[in-house]
Amino acid sequence: MTTTLVTGGAGFIGSRVVRRLVELGHHVVVADYLHPQVHPETSAPTRLPPEVRFQAIDLTHAPSVDSIVRSTLPDVVVHLAAETGTGQSLTEASRHAKVNVLGTTHLLDAFTNRGHVPDRMVLASSRAIYGEGAWIGEDGTVVYPRQRRPEDFAAGRWDPVVDGLVLRPLPHRASVTQPRPTNVYAVTKLAQEHLVTVWCDAHDVDTAVLRLQNVYGPGQTATNPYTGVLTLFAVRAARGQAIEVYEDGRILRDFVFVDDVVDEIVRAVDGTERGMLRDIGSGRPSTILETARIIAELAGSPEPVVTGAYRLGDVRAAHAAEGGTGRTPLREGLARLVASMGTARSS
Ligand SMILES: NC(=O)c1ccc[n+]([C@@H]2O[C@H](COP(=O)([O-])OP(=O)(O)OC[C@H]3O[C@@H](n4cnc5c(N)ncnc54)[C@H](O)[C@@H]3O)[C@@H](O)[C@H]2O)c1
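## Concerning the side chain of histidine 172
Within the fold, histidine 172 resides in the loop between β8 (167–169) and α5 (184–202). Histidine 172 sits in the buried class, given a relative accessible area of 2%. Beyond its immediate stretch of four places on either side in the chain, histidine 172 contacts Arg127, Tyr130, Thr177, Gln213, Asp279, Ala317, Ala318, His319, Ala320 and Ala321.

If you want it as structure tokens, here you go:
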């Protein structure tokens, strides 16, 4: 039987990954300290199957990480635990670095300390590592716009401009697009990629690094104001309030349904493809406004309002070049999200 250690296994994505791995016959151990911003109401993770061994472990505490690795000797590690606030990371840099960077090195050191290496390590990285990503001008010039500054936002200059070129965003391609983080969270996710890859290469451990686009679906915490924009939209719509949309409503995102992401993570755990570095998205970009409108329609709430507000560190556009076949259509996924709030129209 494969023993799989899932860090962050009590979270939004992790709890679903864990359930699937249990169904597939893995012996699953979860290391998660139940971050109060994500789990405000629980002292024990209610959504994990009973077969799972749960350990309330904070990755920033090296002796605890040593102890779980020593007692588990996992064959596979799925590393999901992280501080995930993009905007928040610009004012709480150390917290993000401590958990995402130091927490990851504690995990790697724990294996060295025990003299055991896993067969594979799967890391949930993020599309955030690309920052604004690559944009292309009408003349075919490809540029990497710098991070938007407070004066750009204040002046309503939403789209990046480089050398006066009219630009459109190119999709992310892991093999081509250069990482250019625009917030501390993104820097720490890129650091995680490097840490896991160099350590695993040195110890002959197979790696799968999955750069997730914006994951949505039922089960994401509604109490964390820093992540999960569609969950926050759905909560607002469920209260009958108008969804407030930032900038001019034309921020572009690739919303990928959580079950589709879980499929990819489980496939990566299988290890059929070695040394994997991959973007995980739907491959279909949507504006924030059109997405908010679908949620409002499904929930029967008022028309969304474009506020012109903004958040430092946010990028204008992000989407993956490819989705997979069988990805959940946006409208279907949003209907499931809205229904999970108990507000879906019966029509
Ligand atoms: N949800 C998305 O849209 C998205 C997009 C890109 C990447 N990701 C990545 O996917 C992973 C999972 O994200 P999620 O959306 O399920 O987030 P989540 O916040 O629901 O889950 C993360 C889990 O990690 C745990 N955790 C946080 N700090 C910890 C620590 N110090 N020690 C132990 N556990 C800790 C939390 O308690 C939580 O259960 C993260 O690594 C995130 O960076 C998510």
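Structure shown, so let's carry the discussion forward.
## Here's the deal with the nonpolar core
Counting residues in hydrophobic clusters, the biggest one holds 30 residues, and the most contacted among them are Ile13 and Ile265. Mapped by element, the contributors of at least two residues to this core are α1 (12–23), β2 (27–31), β4 (76–79), β5 (120–126), β9 (206–212), α7 (258–270) and β14 (276–280). Among the elements that take part in this core, α7 stands out by supplying seven residues, more than any other. If you look at the next biggest cluster of nonpolar residues, it comprises 22 residues, including Val245, Phe257, Ala296 and Leu334.

## Comments concerning the sheet that holds strand β7 (residues 142–143)
If you trace the three strands from one edge of the open sheet to the other, you get β7-β6-β8, paired in antiparallel fashion. The outermost strands of the open sheet, each flanked by one partner alone, are β7 and β8. By the bridge criterion, two bridges tie strand β6 (residues 135–137) to β7 in an arrangement that is antiparallel. If you follow tryptophan 135 over to β7, its bridge partner there is valine 143.

## Let's talk about helix α8 (residues 288–299)
In an α-helix, one turn spans 3.6 residues; hence positions three or four apart end up facing the same way. With 12 residues, α8 extends 16 Å between its outermost C-alpha atoms, agreeing within 8% with the 16 Å of an ideal straight helix rising 1.5 Å per residue. Counting buried positions along α8 gives nine out of 12 residues, so the element sits mostly inside the fold. Once α8 ends, the next one or two residues include glycine 300, with phi positive near 70 degrees.

## Comments concerning the packing of aromatic side chains
Centre-to-centre distance and the angle between the planes together describe a pair of aromatic rings. Tallied over the entire structure, the rule returns six aromatic pairs. Seen from their ring centres, phenylalanine 153 and tryptophan 158 are 6.4 Å apart, and the 55 degrees between their planes marks the pair as tilted. Judged by its relative accessible area of 1%, phenylalanine 153 is buried. With a centroid separation of 6.5 Å and an interplanar angle of 50 degrees, the aromatic rings of tryptophan 158 and tyrosine 310 are classed as tilted.

## Things to note about the confidence of the model for the protein chain
Residues at a pLDDT of 70 or more form 97% of the protein chain, whose mean pLDDT is 92. Per-residue pLDDT stays below 50 along residues 343–347; that stretch engages in 10 contacts with residues further than four places along the chain or on separate chains.

## Considering a nonpolar patch on the surface
Nonpolar side chains collect at one region of the surface, where Leu90, Tyr310 and Leu312 lie side by side and expose about 250 Å² of accessible area between them. Locating tyrosine 310 in the fold gives a position in the loop between β16 (305–306) and α9 (330–340). The partly exposed category is assigned to tyrosine 310, whose relative accessible area is 35%.

## What to know about the pattern of salt bridges
Under the counting rule described, the total for this entry stands at 22 salt bridges. Taking the shortest distance from any N to any O, the salt bridge between arginine 120 and aspartate 206 comes out at 2.3 Å. One end of the pair, arginine 120, is in strand β5; the other, aspartate 206, is in strand β9, with 86 residues separating them in the sequence. Side by side, arginine 120 and aspartate 206 carry an identical accessibility label, which is buried. The shortest N-O distance in the salt bridge between aspartate 159 and arginine 316 comes to 2.9 Å. Within this pair, whereas aspartate 159 is found in the loop between α4 (150–154) and β8, its partner arginine 316 is found in the loop between β16 and α9, the two being separated by 157 residues in sequence. We classify aspartate 159 as partly exposed; its relative accessible area is 40%. If you follow the salt bridges from partner to partner, you end up with Glu132, Arg148, Asp159, Glu247, Asp248 and Arg316 in one network.

## Looking at the packing of α1 against α7
At a closest axis distance of 9 Å, the pairing of α1 and α7 adopts a crossing angle of 55 degrees. In terms of their interaxial angle, α1 and α7 are classed as oblique. Along this stretch, α1 crosses α7, giving a crossing that reads as right-handed. Contacts from Phe12, Ile13, Arg16, Val17, Arg20 and Leu21 of α1 reach α7 at Val258, Asp259, Val261, Val262, Asp263, Ile265, Val266 and Val269. Grouping the amino acids of the contact of α1 with α7 by side-chain chemistry returns 10 nonpolar, no polar and four charged.

## Brief notes about the packing of helix α6 (residues 229–238) against α8
Relative orientation of the contacting elements α6 and α8 amounts to 35 degrees, with a least axis distance of 9 Å. Considering the relative orientation of α6 and α8, their crossing is right-handed. From α6, Leu230, Phe233, Ala234 and Ala237 reach across to α8, where they touch Ile288, Thr291, Ala292, Ile295 and Ala299. Looking at the contact of α6 with α8 residue by residue, the class counts come to eight nonpolar, one polar and no charged.

What counts and how
- Residues numbered from 1 in each chain as written.
- Predicted model: local features only at pLDDT ≥ 70, side-chain atom pairs only at ≥ 80, totals over all residues.
- Heavy atoms only, no water.
- Helix = DSSP H or I, 4+ residues; strand = E, 2+ residues; numbered from the N terminus.
- Buried < 20%, exposed > 50% of the residue type's maximum accessible area, 1.4 Å probe, protein only.
- Contact = heavy atoms within 4.5 Å.
- Core = buried A, V, L, I, M, F, W, Y, C linked by side-chain atoms within 4.5 Å.
- Pairing = 2+ DSSP bridges.
- Expected span 1.5 Å × (residues − 1).
- Phe/Tyr/Trp six-rings, centres within 6.5 Å; stacked < 30°, edge-to-face > 60°.
- pLDDT = per-residue confidence, 0-100.
- Patch = residues over 30% accessible without salt bridge, like charges linked within 9 Å, V, L, I, M, F, W, Y side chains within 5 Å.
- Areas by Shrake-Rupley, 256 points an atom, 1.4 Å probe, with all protein chains shown as cover.
- Salt bridge = Lys/Arg side-chain N within 4 Å of Asp/Glu carboxyl O.
- Axes fitted to C-alpha atoms, helices over the stretch in contact; angles between N-to-C directions.
- Parallel < 35°, antiparallel > 145°, perpendicular 65-115°, else oblique.
- Left-handed = near helix turned anticlockwise from the far one by under 90°.
- Nonpolar A, V, L, I, M, F, W, Y, C, P; charged D, E, K, R; others polar.

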